[in-house]
Amino acid sequence: MGDGAIDRIEEAQSVARKARPRPARPLISVVAPCFNEADALGPFMAAMTPVLGGADFEYELVFVDDGSTDGTRDKLEHLAAQNSHVKVVIFSRNFGKEAALTAGLDHAKGDAVVVIDTDLQDPPELIRDFVAKWREGVDVVYGKREDRATDTAAKRMTAEGFYQFFNRISAVKIPENTGDFRLMDRRVVDAIKALPERSRFMKGLFAWAGFSSAAVPYARPARAAGSTKFNLWKLWNFAIDGIVSFSTAPLRVWSYIGAVVAFFSFLYASFIIMLTVITGVDVPGYASLIVLILFFGSVQMISVGVLGEYISRLFIEVKRRPIYIVDDVIGEDAPSQ
Ligand code: UDP
Ligand code: MG
């Protein structure tokens, strides 16, 4: 087969991809995780209604109440009673944003699903752009933060450092400056729903699923109400979770560190033996001994700690506990599992 034929096949494939038919009036599910967002829900609905109402698609709003303790649940129940587009999944306790997103995807019925934060840091107006791009044939449309001026300098720097490190050691690459805010085609959602793992680093799983994607740039505004639910310790654990779930490099690197250290130890040992043979027994050396003992002690402890990170996750996976427990679902007849 000549190159021309291959070109033609590729061209036909790319045309087929672009021409993937979208329903004339698709159902768009909007998944919004909420943890103590009672104050943000009002502004959120006020911003959401004009975007979704009157658009050329049907929509449903799937809220997940992630064990809130501030009256978010009552507000959501009230909303569902008033508005037939609203569905609410209520967790039995706080399971974390990743679990809430998983539940939202499990309960969304749309031809495409949009994931959005409830604090208006993800501008709802972008949803129409997302849908337009999806209609052109793109399967994943994600929001790209052009301007993170509302984040603190420390948060921006640590986030940047984390994603650079992550993308260097993981086979799955996460586009820089993207959050969870995105639209996914039904096929992408089904691919993610099929993943059985309990450690759910959603940004990684979204990227892992693949498919064609496009970015829509936006400036990230400050929170509409309330305060961030992620403190430094939570973010640190989130970062470790992401790395350990998507790369085995931290496990494997110890063989190489070991080899390098062994090589230098061998050189040093040869040197000391030679020295002893030539100049006789040398008793002083307490300082260098202590330093080496401390150094190798800590290197070994770090490597054992890294093993622990992986083993603890194996343990969690092996227990096969559910990712979340639902207390109640309001506004739908049967969950679309
Ligand atoms: N969230 C959640 N469960 C949690 C923590 C956060 O469902 O345990 C939700 C929260 O209600 C919000 C979104 O995740 O809709 C993002 O949280 P936040 O705005 O606190 O994060 P940040 O924007 O500061 O990264
Ligand atoms: Mg936020």
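Residue indices follow the written sequence of each chain, beginning from 1 at its first position. As they are written, the chains are lettered A onward and the ligands numbered 1 onward, keeping that order. Only residues with pLDDT of at least 70 get local features here, since the model is predicted, and only at 80 or more are side-chain atom pairs given and counted; chain-wide, interface and lining totals rely on the full set of residues. Side-chain metrics rest on all non-hydrogen atoms present in the structure, leaving aside hydrogens and water.

Novice: How would you summarise the coordination of the magnesium ion (ligand 2) if you had to cite specific residues and measurements?
Specialist: Metal donors were taken as nitrogen, oxygen and sulfur atoms no farther than 2.8 Å from the ion, or 3.2 Å where the ion is Na, K or Ca. Water is excluded, so coordination may look unfinished. Around the magnesium ion (ligand 2), the protein contributes the donor atoms D119 (OD) and Q121 (OE1), which lie 1.9 to 2.0 Å from the metal centre. In terms of burial, D119 and Q121 fall into one category: buried. Three labels apply to residues, based on accessible area from a 1.4 Å probe with only protein chains included: buried if under 20% of the type maximum, exposed if over 50%, partly exposed otherwise in between.

Novice: How would you explain the packing of aromatic side chains if you had to name every residue and give the values?
Specialist: Note on ring pairs: Phe, Tyr and Trp rings are taken, using the six-membered ring of Trp, and paired if centres are within 6.5 Å. Classes follow the plane angle, with under 30 degrees stacked, over 60 edge-to-face and the rest tilted. Going through the model one piece at a time under the given rule, you end up with 15 aromatic pairs. Consider the rings of F91 and Y324, whose centres lie 5.1 Å apart with planes at 10°: the pair is stacked. Of this pair, F91 sits in strand 3 (residues 86-91) while Y324 sits in the loop between helix 11 (286-319) and strand 8 (326-330), and the two are 233 residues apart along the sequence. Here F91 falls in the buried class, since its relative accessible area comes to 3%. An aromatic cluster of three or more residues is present, and its members are F162, Y163, F166, F201, F238 and F246. Put simply, DSSP marks the helices as runs of H or I at least four residues long and the strands as runs of E at least two long, and each gets a number from the N terminus on.

Novice: Help me get a handle on the pattern of salt bridges, residues and values and all.
Specialist: Here, a salt bridge means any Lys or Arg side-chain nitrogen found within 4 Å of an Asp or Glu carboxyl oxygen. Applying the stated criterion to the full structure yields 15 salt bridges. D117 is paired through a salt bridge with K97; the nearest N and O atoms lie 2.9 Å apart. Of the two residues, D117 is situated in the loop between strand 4 (112-115) and helix 5 (126-135) and K97 in helix 4 (residues 97-107); the sequence distance between them amounts to 20 residues. Residue R313 is joined to D241 by a salt bridge in which the shortest nitrogen-to-oxygen separation is 2.9 Å. With R313 in helix 11 and D241 in helix 9 (residues 232-246), this residue pair connects regions lying 72 residues apart in the sequence.

Novice: Please set out helix 9 residue by residue, giving values where relevant.
Specialist: For an α-helix the count is 3.6 residues per turn, leaving residues at separations of three or four pointing the same way. Multiplying one less than the number of residues by 1.5 Å gives the expected span of a helix. Over its 15 residues, helix 9 extends 21 Å from the first C-alpha to the last, a length consistent with the 21 Å expected when each residue adds 1.5 Å. The set of residues buried in helix 9 consists of F238, A239, G242, I243, V244 and F246. A contact between two residues is defined here by any heavy atoms of the two lying within 4.5 Å. Along its buried surface, helix 9 packs onto helix 4, helix 6 (153-169), helix 8 (202-209), helix 10 (249-279) and helix 11.

Novice: Report on the site of ligand 1, specifying residues and quantitative values.
Specialist: Think of it this way: one heavy atom of a residue within 4 Å of a molecule or strand is enough to make that residue near it. Around ligand 1 lies a shell of 19 residues, among which E37, D66, D119, T228 and K229 are the nearest. Any pair of N or O atoms that falls within 3.5 Å is considered a polar contact. Within protein, one atom must be able to donate a hydrogen and the other to accept it, and sequence-neighbouring residues count only if both atoms are side-chain atoms. Contact between ligand 1 and D119: an oxygen atom at 2.6 Å from a side-chain N or O atom of the residue. Interatomic distance of 3.1 Å between a side-chain N/O atom of R220 and an oxygen atom of ligand 1. Note on areas: Shrake-Rupley with a 1.4 Å probe; residue coverage comes only from the protein chains shown. Here ligand 1 has 530 Å² of accessible area as a free molecule, and 94% of this is covered by the chains. Residues are grouped as follows: Ala, Val, Leu, Ile, Met, Phe, Trp, Tyr, Cys and Pro are nonpolar; Asp, Glu, Lys and Arg are charged; all remaining types, including Gly, are polar. Along the lines of polarity and charge, the residues of the shell around ligand 1 split into four nonpolar, five polar and ten charged.

Novice: Tell me what's going on with a nonpolar patch on the surface, and back it up with residues and numbers.
Specialist: The patches described consist of residues with a relative accessible area above 30% and no salt bridge, like charges being joined within 9 Å and nonpolar side chains (Val, Leu, Ile, Met, Phe, Trp, Tyr) within 5 Å. Nonpolar side chains collect at one region of the surface, where V260, F263, F264, F266 and L267 lie side by side and expose about 540 Å² of accessible area between them. Tracing the chain through its elements places F263 in helix 10.

Novice: Lay out the pairing of strand 5 (residues 140-147) in plain terms, naming residues and giving numbers.
Specialist: Two strands make a pair as long as DSSP finds a minimum of two bridges between them. Inspection of the sheet shows strand 5 paired to strand 6 (residues 178-185) by four bridges, in the antiparallel sense. By the bridge assignment for strand 6, Y142 is matched with R182. Bridging between strand 5 and strand 7 (residues 213-219) involves seven bridges; their strand directions are parallel. From the neighbouring strand, V140 faces strand 7, where its bridge partner is S213.

Novice: I'd love a proper account of the packing of helix 4 against helix 8, names of residues and values included.
Specialist: The N-to-C vectors of helix 4 and helix 8 enclose an angle of 45°; their axes lie 10 Å apart at closest approach. By the angle between their directions, the pair helix 4 and helix 8 is classed as oblique. Packed against helix 4, whose contacting residues are E98, L101, T102 and L105, the element helix 8 presents M202, K203 and F206 at the interface. Residues belonging to the contact of helix 4 with helix 8 are distributed by class as follows: four nonpolar, one polar and two charged. Working convention: axes come from line fits to C-alpha atoms, limited for helices to the stretch in contact. Angles between N-to-C directions cover 0 to 180 degrees. In this scheme, roughly parallel covers angles under 35 degrees and roughly antiparallel covers those over 145, while 65 to 115 is roughly perpendicular and the rest are oblique.

Novice: If you had to explain the packing of helix 10 against helix 11 to someone new, which residues and values would you point to?
Specialist: Viewed as axis vectors pointing N to C, helix 10 and helix 11 meet at an angle of 160°, and their least axial separation amounts to 10 Å. With respect to helix 11, the element helix 10 is oriented roughly antiparallel. As helix 10 packs across helix 11, the resulting crossing turns out to be left-handed. Two secondary-structure elements touch here, helix 10 through P250, L251, W254, V261 and Y268 and helix 11 through L292, F296, V299, I302, S303, V306, L307 and Y310. Class assignment of the residues belonging to the contact of helix 10 with helix 11 gives a composition of twelve nonpolar, one polar and no charged. Crossing handedness: left-handed means the near helix sits turned counterclockwise from the far one by under a right angle, and right-handed means the same turn made clockwise.

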